[in-house]
Every structure is written in C-alpha cells, then in structure tokens.
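# Close look at the chain arrangement
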Amino acid sequence: MGQTNPQDLGNGGTLDGDVTITGDLTVSGGIGLSLSEVIEGTSTIDVNSTEALLVRKNGDGGDVFIVDTTNGDVTVQNSGNAFLNITSTGGGARMKLTGQANETTNGILFYETTNVRGQINYNHSDQKMEFKTGDSNTLALTLGSDQLATFADKINAGSWIQVNDNNTLWSDPSTGV
C-alpha cells in the first residue's frame, strides 16, 4: 500500500503487502487466518465456550484438541488411538493431578464411551492408593501409606510367593506344591 491516506475499508476491501499496526487492533465478528507463523509474547483466550480453543485436522477432518472453558475440560481425541505424550528432554516426565485443599480423592478414570471400566484413585483422607476394576468399579487392591498391600480377593501367581517377614512360602493348595 504505502499510502499516507489509505483507502476506506469500512465496507470491506483488500490489503496487500506488509501491514504494520502500532497500538491495539480490535476485530468484531469472525476471522479466519491462514498462516504459518510463530506467535511471540503472551496470548489470552478470554471466553466462555465449549470450544474456546479448538485444534482440528485440515478440512474439518476431526477435532483433535479442545479446551472447554464453560465446563473446565481439556479433550484430546482421535478416530484411532489417542495419545497424550509428556516428554522431558532434561529430567523426569511427570503428570500432576491437583485437587482442592479438602478434596479427598484424585484419580485417573478409564472409560469406554460413557462407561467407567477402571480407576486408580488416591484417597487423601485415608492416605491410600486404590485400584478399582470392572464395570462396577470393584475395589481390587489398596496400597496404604503404611506400605501394606490389601487385595480384595485371591492372589494368583505363576510361581512361589515369598513373604519376607519370616520367609514363609505359600503354595498352590490344589496341587500341594
């Protein structure tokens, strides 16, 4: 453009070439961007929406990453296997679950569509890690802060189980071995 009095774009128009804006830019209405650029500095998405931030495959080929500010959810999905990879190049990779100060349980839920198939929960009030399995989320194993493991039912092992307290060996009662 290079004009000191640019054209009136109040009713639409096209800008070509480099455009420099000094100050704030406000856009009312929808905007579509086709670019391959790096955004430097901070960016804030300040909206209540079930799709406040949406990353999808090209040509509306499926939503991959969704930030839902209305419900406080973040979703990673794919038509095949979906992976959330946490990679550290300089130390251990960790996933941190932080609940409210007096919340008793933080955990990981394993779903199949809308059905819970298993859980790993940390129960803060009891200081225990609980493993639940099956559609009814039956408690299978509890690991306590006292380092005791409590199984809800039988222990099946392919070979001997040694109890370190007194070197007692358990065997399979059906075979006598």
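What comes next is a walk through the structure.

Reading the values: the criteria
Residues numbered from 1 in each chain as written. Predicted model: local features only at pLDDT ≥ 70, side-chain atom pairs only at ≥ 80, totals over all residues. Heavy atoms only, no water. Helix = DSSP H or I, 4+ residues; strand = E, 2+ residues; numbered from the N terminus. Buried < 20%, exposed > 50% of the residue type's maximum accessible area, 1.4 Å probe, protein only. Contact = heavy atoms within 4.5 Å. Pairing = 2+ DSSP bridges. Axes fitted to C-alpha atoms, helices over the stretch in contact; angles between N-to-C directions.

## Section: the environment of Val-74
Along the polypeptide, Val-74 turns up in strand S3 (residues 73-76). Judged by relative accessible area, which is 57%, Val-74 ranks as exposed. Along the sequence, Val-74 and Leu-53 sit 21 residues apart, while their C-alpha atoms lie 9.4 Å from each other. When near neighbours in sequence (up to four residues on either side) are disregarded, Val-74 contacts Phe-65, Ile-66 and Val-67.

## Notes on the sheet that holds S3
Backbone hydrogen bonds hold the strands of a sheet together, and the pairing may be parallel or antiparallel. Across the sheet, three strands lie side by side as S1-S2-S3; this open sheet has antiparallel pairing. Bordering the open sheet on either side are strand S1 (53-56) and S3, each of which pairs with just one other strand. Each strand axis lies, on average, 5° off the axis of its neighbour in the sheet, ignoring direction. As judged from the four bridges shared by S1 and strand S2 (residues 63-68), these two strands associate in the antiparallel manner. Counterpart to Arg-56 in the pairing with S2 is Asp-63.

## Some remarks on the side chain of Gln-119
Along the polypeptide, Gln-119 turns up in strand S5 (residues 115-123). By relative accessible area, Gln-119 is classed as buried at 14%. Ignoring any residue separated from it by four or fewer positions in sequence, one finds Gln-119 in contact with Ile-108, Leu-109, Phe-110, Glu-130, Phe-131, Lys-132 and Asn-137.

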